[in-house]
Amino acid sequence: MALLMKALNWNYVLVTALISSFLAQMTKVIINIIVLGKFIPERLWGAGGMPSAHSATVCAMLVATGRYCGTGSTEFALALVVSVIVMYDAMGVRRETGEQAKLLNRMLSEWMEQESEHLPFLGDKKLKEMVGHTPIQVLTGAVFGVTIGFLMPMI
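Described in the following lines is the structure provided in the data block. (Residues numbered from 1 in each chain as written. Predicted model: local features only at pLDDT ≥ 70, side-chain atom pairs only at ≥ 80, totals over all residues. Heavy atoms only, no water.)

Re the overall build of the chain
Per the secondary structure count, the chain includes six helices and zero strands. Sequence-ordered secondary structure for the chain, helices as α and strands as β, is α-α-α-α-α-α. A buried classification covers 35% of the 155 residues belonging to the chain. Restricting to contacts in the chain with at least 6 residues of sequence separation, those with at least 24 account for 72%. (Helix = DSSP H or I, 4+ residues; strand = E, 2+ residues; numbered from the N terminus. Buried < 20%, exposed > 50% of the residue type's maximum accessible area, 1.4 Å probe, protein only. Contact = heavy atoms within 4.5 Å.)

What about the side chain of T16?
Counting through the fold element by element, T16 comes out in helix α2 (residues 12-36). Not counting chain neighbours up to four residues away, the residues in contact with T16 comprise L8, A60, A64, I148, G149 and M152.

Observations concerning α2
With 25 residues, α2 ought to run about 36 Å at 1.5 Å a step, and its terminal C-alpha atoms sit 36 Å apart, in line with that. Along α2, the residues classified as buried are Y12, V13, V15, T16, A17, S20, A24, Q25, K28, V29 and N32. G37 occupies a position one or two residues after α2 and carries a positive phi of about 75 degrees. (Expected span 1.5 Å × (residues − 1).)

Focus: the nonpolar core
Note on soluble globular proteins: their nonpolar side chains tend to be buried together. One finds L8, Y12, V13, V15, A24, A53, A56, A64, F144, I148 and M152 forming the largest nonpolar core, which totals 11 residues. Mapped onto this core, the elements with two or more residues apiece are α2, α3 (53-69) and α6 (135-151). Every residue in contact with A64, bar those within four places of it in the chain, is listed here: Y12, V13 and T16. Ranked by size, the runner-up nonpolar core spans six residues in total, among them C59, M87, A90 and V138. (Core = buried A, V, L, I, M, F, W, Y, C linked by side-chain atoms within 4.5 Å.)

Section: the packing of α3 against α6
For the pair α3 and α6, interaxial distance at closest approach is 7 Å and the crossing angle is 35 degrees. Classified by chirality, the crossing of α6 by α3 is right-handed. Across the interface between the two elements, S55, A56, C59, A60, V63 and R67 from α3 touch V138, G141, A142, F144, G145, V146, G149 and F150 from α6. Taken together, the residues of the contact of α3 with α6 break down into nine nonpolar, four polar and one charged. (Axes fitted to C-alpha atoms, helices over the stretch in contact; angles between N-to-C directions. Left-handed = near helix turned anticlockwise from the far one by under 90°. Nonpolar A, V, L, I, M, F, W, Y, C, P; charged D, E, K, R; others polar.)

Here we look at the packing of aromatic side chains
Summed over the entire model, instances satisfying the criterion amount to one aromatic pair. Ring centres of Y12 and Y68 lie 5.9 Å apart, and the angle between their planes is 25 degrees; on these two criteria the pair is classed as stacked. Of the two residues, Y12 is situated in helix α2 and Y68 in helix α3; the sequence distance between them amounts to 56 residues. Among the residues examined, Y68 registers a relative accessible area of 48% and is labelled partly exposed. (Phe/Tyr/Trp six-rings, centres within 6.5 Å; stacked < 30°, edge-to-face > 60°.)

Let's talk about a nonpolar patch on the surface
Together, I30, I31, I34, V35 and L36 make up an exposed nonpolar region whose accessible area comes to about 490 Å². Checked against the element boundaries, L36 lands in helix α2. What makes L36 partly exposed here is its relative accessible area of 48%. (Patch = residues over 30% accessible without salt bridge, like charges linked within 9 Å, V, L, I, M, F, W, Y side chains within 5 Å. Areas by Shrake-Rupley, 256 points an atom, 1.4 Å probe, with all protein chains shown as cover. Salt bridge = Lys/Arg side-chain N within 4 Å of Asp/Glu carboxyl O.)

Fair warning: the whole summary comes from geometry, so function is off the table for now.
Right under this line is the structure:
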């Protein structure tokens, strides 16, 4: 606890956001173990999945900034704008990128079955499909981050 308090004295907002991010990623690992019955190391750092660690991070940052600097501060306004952009991007552009990757991977797989001798440079390459979030994953990450933001002790 003394180490946490020392870290919070160093930079309350940053430490709160990092703790929220770490806990969200650990939650992804636990959910994958429960749902899929296996440990997937990439879940420790990878994007996508439940809950959104991006949303958890920026929402914890937002709450910590509001608590530390006040909701009328410029810092809070900046944190709010960044949070909205990150969550919108996670549900929009990054999610669509993942959907496109699924389609392209399926197409490549079908082509490789028929034309593998003509396209050796493709090998077994696959695009990463889990890069974005569904609205429920973003909302869950946001609630997660807000909760962590309010649970962190004030310095």
